[in-house]
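Structure at a glance
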Amino acid sequence: MTTKLKGLKELGNTSDPLRTVSYQVRTKMSDYEDDNTDVQSLTVEEEYELWNSNVPVMYEFVSETKLTWPSLTIQWLPSDGQSPEQSLIFGTHTAGEEVNYLKVATINLPAGIAGLDQGDEEDEANDHSSFAIANKFPHIEEVIRARYMPANSNIIATINGKGTISIFDRTLEESKAQVSTLAFHKENGYGLAFNPHISGELLSGSDDTTVALWDIEAAKKPKSILTSHDDIVNDVKWHEFESNVFGTVSEDKTLQVHDKRVRLEPVKKLPTASPFNTLSFSKHSRNLLAAAGVDSQIYLYDMRDMSSPLHVMSGHQDSVTTVEFSPHTDGIICSSGSDRRAIIWDLTQIGAEQSQDDADDGAPELMMMHAGHRSPVNEFSFNPQIPWLLASTEEDNVIQAWKVSMKLVNASPPAISDPSLLV
Amino acid sequence: MAEELKPELWTTSSNSALKLSLVNDENAVQFSPIFTYPIFGQAEQLFGYQDLNILLAFDSVTFKPFLNIKYTKKLERGLDDVEGSILKFLPEGDVILKDEVEWVDAFNGEREKFALPNSESKVAEYTSGGESFAIFKVHLSDPNIRQLHRRMQIFTLLFIEAASYIDEDDSAWDIFMTFNTSTRQCIGYTTTYKHWRYINGQEFDSSEKTTKRAKISQFIIFPPYQSKSHGSHLYSAAIDVWSKEEKISEVTVEDPNEAFDDLRDRCDFMRLSGSGLSSSIPEDVPIPRTWLTEQARKYKLSLVQFTRLVEMILLYDNSPNFEIQVKARLYQKNHEVLTGMDSDTRKAKLQEAFTSLKEDYARILQKVPNRRRVLPSDEENAGESKRHKKE
């Protein structure tokens, strides 16, 4: 049986601010019509329709939610195992027209998607997801970035358009949930990262060119301030294994690696041809690092020798906004861009042989392109529980949750019980 | 009507107008390009001339270029800039125009200083037709090689579909070049690139295991020297070098054409059967993926190419497992489509694909020089092929 896809186009016209359309894909390969439409010449809407028609071959599941205001940030929250109920945090950017909020939403995924028992496949109810706001916390100014604290995911930090950091405890009543305000930065901040190893330790980076290190459990003043950048700090990230090490990228065209025990000067300072917007440390290697920015390429570095990149990945057509390593699968990276795309890369395929047809679609390491957004993608997040499930947010008030098709993931061929049946 | 107004009189196919020559001491060998669209545009047509003849000649040793464009009539306006189009793809200021004597003097002068790459970069040597050849692994950081490559790289555009010039400043390129050691003529070359290879975090962090994939990008034997096994020697030399290089874990080929696929299959087949792989192929069908993966890695081949070769060996050995192995792989590869069919249709589809693949393997194996056994399709040559000869 084949579940027909629901047209997503109607979404754009809906007045319902929180309407979600989702579907579980069980369409057969043969339903996919390979056409040679020249994608370059399509309008954004035509491109979206083309993407929509290709959804069955690329995804297990896609859900799209239209919001009243755009969110600049998105992050899945951890939960107990692969439950069908998953939560994520995002914010609003009302441009001063309304009160801003930090929001927690709950998505109920179809059981099969969450990795649970497939259940009765005829059961229509199982095929659908729901998206509901669980909490909304009033927030001063727009939410530029929101992050939960790994040691206690009830604690959420945000940074706003004025560079002010707010700490929320989402177990408290909505109006009282903001438990503290950390004022130091003088301007907008895009960098916000909790140390995955040390509870309460938070880094923030700002347009005011500084990076601040906080212990949110101890004081409302930064523990230390870093001034080694000469221009807007675009991102800050902790190393995934070394609790003292973090990286920063800036408009000053440097990528810096710091050790918090060594103040003032970075331990590594890499000049780049154009500024990086984002960086990410591997969760599976101590030495692998990815960074990307305005030149649309993803640069991979070996921290032992950063003099030249290991490899450069091309696929985006505009500035890259976020890059992140998969928490589950070694070698998998996702990136998002102002070109309205999120791309999943498989580093193990770098330099692999490919047919000319495949080469026409992109480099061998370009595993999949998520083309469901109609405006620049601000940020995305890997679900920490469910492999290959991501959420992404775009400038035009849309959040999408999507799970990559297992057909793209599983390279191993089906078992043959009795080969003699083939002859 | 004035003839100026009849466009067909002024339109020439650029593929037939362009005549290439390699000049040696005795004569000039002339041949035609296969592609000219990278130089003259997609239509491969030139407008504005009658009896257009474009002679692009190279000294066969130094590759010093010479260009002479001839025609009986040309239009005053709207005509294509033939000379400008070609010069864009040759080293600036290097091409001698029209004056043949000047060109001959120039390359004779250059020849006096022209030397083969130094012997440390020699990776293979062989004789063919009574002449000696050597293959060198060279790098564009060598100014002599850079100049030679700049002159000859136009051949990649003229003979390799979708070729483009490589980035000379990217140090990851290595070039393997074959020379006739007595005449110093370059016979052909291949540009190769090393890509960083990521296997997993653990292997990456133990730095001694950092591996790379070596890719054969452009591969060309100049037309006068083709069909004399120079291609096999060049391919095998590169493979031998990479086999010994610990950092190289896999060899790949960028967009091979059919002729190169055949060359590659034959050379890889010789290498694998020469190493005694035949006797170690498991009896299970389908052959376990773990064995294939492990062995492919050992021979530094991609899984797809290695599996193909194992199938060829099974056919060559008349293995009873050949048919089931091929069909099982085809089934796995196309199972999305095949599962929807009834058993008889499925078997018929598989049989059809199997038959055509078997014919293709047999065609390739026919040209393998040291066949150990005779293939059914080639029985008339049985007597000759029994001889074992080392290539």
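Residues numbered from 1 in each chain as written. Chains lettered and ligands numbered in written order. Predicted model: local features only at pLDDT ≥ 70, side-chain atom pairs only at ≥ 80, totals over all residues. Heavy atoms only, no water.

Cut-off, in case you're wondering: UniProt positions are given in the numbering used here, feature names are shortened, and annotations may be inferred rather than shown by experiment.
As recorded in UniProt, chain B goes by Histone acetyltransferase type B catalytic subunit and comes from Eremothecium gossypii. What the UniProt record of chain B gives under Sequence similarities is the line "Belongs to the HAT1 family."

Looking at UniProt, one finds chain A named Histone acetyltransferase type B subunit 2 and attributed to Eremothecium gossypii. The Subunit field of the UniProt record for chain A holds the comment "Component of the HAT-B complex composed of at least HAT1 and HAT2. The HAT-B complex binds to histone H4 tail." The record held by UniProt for chain A lists under Sequence similarities the comment "Belongs to the WD repeat RBAP46/RBAP48/MSI1 family."

**Considering the UniProt feature "site: Interaction with histone H4 N-terminus" in chain B**
Residues and elements named next belong to chain B. Note the threshold: In this text, helices come from DSSP runs of H or I with a minimum length of four residues, and strands from runs of E with a minimum of two, each type numbered from the N-terminal end. It only takes one pair of heavy atoms within 4.5 Å for two residues to be counted as in contact.
This chain's UniProt record puts "site: Interaction with histone H4 N-terminus" on W173. Along the chain, the position of W173 falls in strand β12 (residues 173-180). Leave out the neighbours within four places in its chain, and W173 touches H139, I166, D167, T191, T192, Y193 and S217.

**Digging into the interface of chain B and chain A**
What counts is decided by this rule: When two components associate, each loses some accessible surface as probed by a 1.4 Å sphere; the sum of these losses over both components is called the buried area. The salt bridge definition used is simple: a Lys or Arg side-chain nitrogen within 4 Å of an Asp or Glu carboxyl oxygen. For the purposes of these results, a polar contact is taken to be a pair of N or O atoms within 3.5 Å, where, inside protein, one atom must be able to donate a hydrogen and its partner to accept one; residues adjacent in sequence count only when each atom of the pair is a side-chain atom. Side-chain classes follow a simple rule in which Ala, Val, Leu, Ile, Met, Phe, Trp, Tyr, Cys and Pro form the nonpolar group, Asp, Glu, Lys and Arg form the charged group, and the remainder, Gly included, forms the polar group.
Chain B puts 30 residues into the contact, and the matching count from chain A is 31 residues. Each partner contributes to the roughly 2700 Å² buried at the junction of chain B and chain A, and carbon and sulfur atoms together form 59% of this total. Considering only the side of chain B, the residues that lose the most area to chain A are W196(B), Y198(B) and F204(B), jointly responsible for 25% of the buried surface there. Counting across the chain B and chain A interface gives 1 salt bridge. Two residues, E353(A) and R264(B), come together in a salt bridge whose shortest N-O distance is 2.7 Å. Summed over the shared surface of chain B and chain A, the result is 11 residue pairs in polar contact (both at pLDDT 80 or more). Every element with two or more residues in the side of chain B that touches chain A is listed here: β13 (186-197), α7 (201-205), β15 (248-253), α12 (322-333), α13 (335-338) and α14 (343-366) of chain B. At 6 residues, α12(B) tops the list of elements feeding residues into the side of chain B that touches chain A. Of the residues assigned to the side of chain B that touches chain A, the class counts are 12 nonpolar, 9 polar and 9 charged.

**Some remarks on the nonpolar core**
Residue and element names in this part refer to chain B. Applicable threshold: Grouping buried Ala, Val, Leu, Ile, Met, Phe, Trp, Tyr and Cys residues that are joined through side-chain atoms within 4.5 Å yields what is termed a nonpolar core. Burial classification: accessible surface area is computed with a 1.4 Å probe over protein chains only, and a residue below 20% of its type maximum counts as buried, one above 50% as exposed, and the rest as partly exposed. Delimitation of the domains relies on an automatic or database domain assignment.
In terms of nonpolar packing, the biggest core is built from 70 residues, with I54, I86, F155 and M177 touching the most fellow members. Broken down by element, the residue count for this core peaks at 7 residues, all from helix α8 (residues 230-244). Summarising the domain contributions, this core has at least three residues from each of domain 1 (10-112) and domain 2 (117-255). Judged by nonpolar contacts, the second largest core, of 34 residues, contains F269, V310, I313 and I364.

**Side note on the packing of aromatic side chains**
Residue and element names in this part refer to chain B. The following threshold applies: Two aromatic rings from Phe, Tyr or Trp, using only the six-membered ring of Trp, form a pair when their centres are within 6.5 Å; if the ring planes differ by under 30 degrees the pair is stacked, by over 60 it is edge-to-face, and anything between is tilted.
One pass over the structure, following the stated rule, counts 39 aromatic pairs over all chains. Seen in terms of ring centroids, W173 and Y193 are 4.9 Å apart; in terms of plane orientation they differ by 70 degrees. Their pairing is edge-to-face. In this pair, W173 is assigned in strand β12 and Y193 in strand β13, connecting sequence segments 20 residues apart. On the basis of relative accessible area, Y193 is assigned to the buried category, the value being 16%.

**Thoughts on the pattern of salt bridges**
Taken as a whole and assessed by the stated rule, the structure comprises 41 salt bridges over all chains. Across the pair K237(A) and D235(A) runs a salt bridge whose closest N-O atoms are separated by 3.6 Å. D235(A) matches K237(A) in its accessibility class, with the two residues each being buried. The shortest N-O distance in the salt bridge between R213(B) and E250(B) comes to 3.0 Å. Of this pair, R213(B) sits in strand β14 (residues 211-221) while E250(B) sits in strand β15, and the two are 37 residues apart along the sequence.

**Let's talk about α14(B)**
Residues and elements named next belong to chain B. Heads up, the rule is: To estimate how far a helix should reach, multiply one less than its number of residues by 1.5 Å.
Helix length check: α14, at 24 residues, gives a terminal C-alpha distance of 34 Å against a target of 34 Å (1.5 Å per residue), a fit within 8%. Three or more residues of α14 are buried, namely R346, L350, F354, L357, Y361, A362, I364 and L365. Looking at the buried side of α14, the elements it contacts are α9 (258-274), α11 (303-316), α12 and α13. The N-cap residue of α14 is D342: its side-chain oxygen and the backbone nitrogen of D344 are 3.1 Å apart.

**Looking at the UniProt feature "site: Important for interaction with HAT1" in chain A**
Residues annotated in UniProt with the feature "site: Important for interaction with HAT1" correspond here to L288(A). The class of L288(A) is buried, set by a relative accessible area of 1%. Leave out the neighbours within four places in its chain, and L288(A) touches F281(A), S282(A), Y301(A), L310(A), F325(A), L347(A), W196(B), Y198(B) and F204(B).

**Quick word on the side chain of Q400(A)**
Residues and elements named next belong to chain A. Examined against the element boundaries, Q400 turns out to sit in strand β29 (residues 398-404). Within the structure, Q400 has its side chain in polar contact with the side chain of E64 (distance 2.5 Å). Filtering out sequence-adjacent residues up to four positions away, Q400 remains in contact with Y48, W51, S63, E64, H370, G372, H373, L390, A391 and S392.

**Digging into the sheet that holds β12(B)**
Residue and element names in this part refer to chain B. Put simply, the rule reads: Two strands form a pair only when DSSP identifies at least two bridges running between them. Only C-alpha atoms enter the line fits that serve as axes; for helices the fit covers just the stretch in contact. Angles between N-to-C directions range over 0 to 180 degrees.
With mixed pairing, the 6 strands of this open sheet are ordered in space as β10-β11-β12-β13-β14-β15. The open sheet has two edge strands, β10 (122-128) and β15, and neither has a second partner. Shown here is a sheet whose adjacent strand axes are inclined to one another by a mean of 20 degrees, direction ignored. In the sheet, strand β11 (residues 131-138) pairs with β12 via 6 bridges, with the strands oriented antiparallel. From the neighbouring strand, F133 faces β12, where its bridge partner is N180. Contacting β11, β12 and β13, helix α5 (residues 143-152) crosses the sheet at an angle of about 80 degrees to β12. Across the sheet, α8 touches β10, β11, β12, β13, β14 and β15, and the angle it forms with β14 is around 165 degrees.

**A look at the side chain of S87(A)**
All names here are of chain A. Along the chain, S87 falls in strand β4 (residues 85-91). In this structure S87 comes out as buried when scored by relative accessible area, which is 17%. Apart from residues lying up to four places away in sequence, S87 is in contact with W76, L77, V104, A105 and T106.

**Topic: unusual backbone geometry**
Residue and element names in this part refer to chain B. Omega for the peptide link from V285 to P286 comes to -10 degrees, which places this bond in the cis form. Tracing the chain through its elements places P286 in the loop between α9 and α10 (289-298). Phi is positive for F63, which is not a glycine, with a value near 60 degrees. Within the secondary structure, F63 is located in the loop between β6 (53-59) and β7 (65-70). Positive phi is not limited to glycine here, since K300 has a value of about 60 degrees.

**Points about the domain arrangement of chain B**
All names here are of chain B. Partitioning chain B into structural domains gives domain 1 (10-112), domain 2 (117-255) and domain 3 (273-368). Averaged C-alpha coordinates put domain 1 and domain 2 at centres separated by 27 Å. Taken together, the contact between domain 1 and domain 2 spans 28 residues of the former and 21 residues of the latter. Roughly 2100 Å² is buried in total at the junction of domain 1 and domain 2, and carbon and sulfur atoms are behind 68% of that figure. On the surface where domain 1 and domain 2 come into contact, there are 2 salt bridges.

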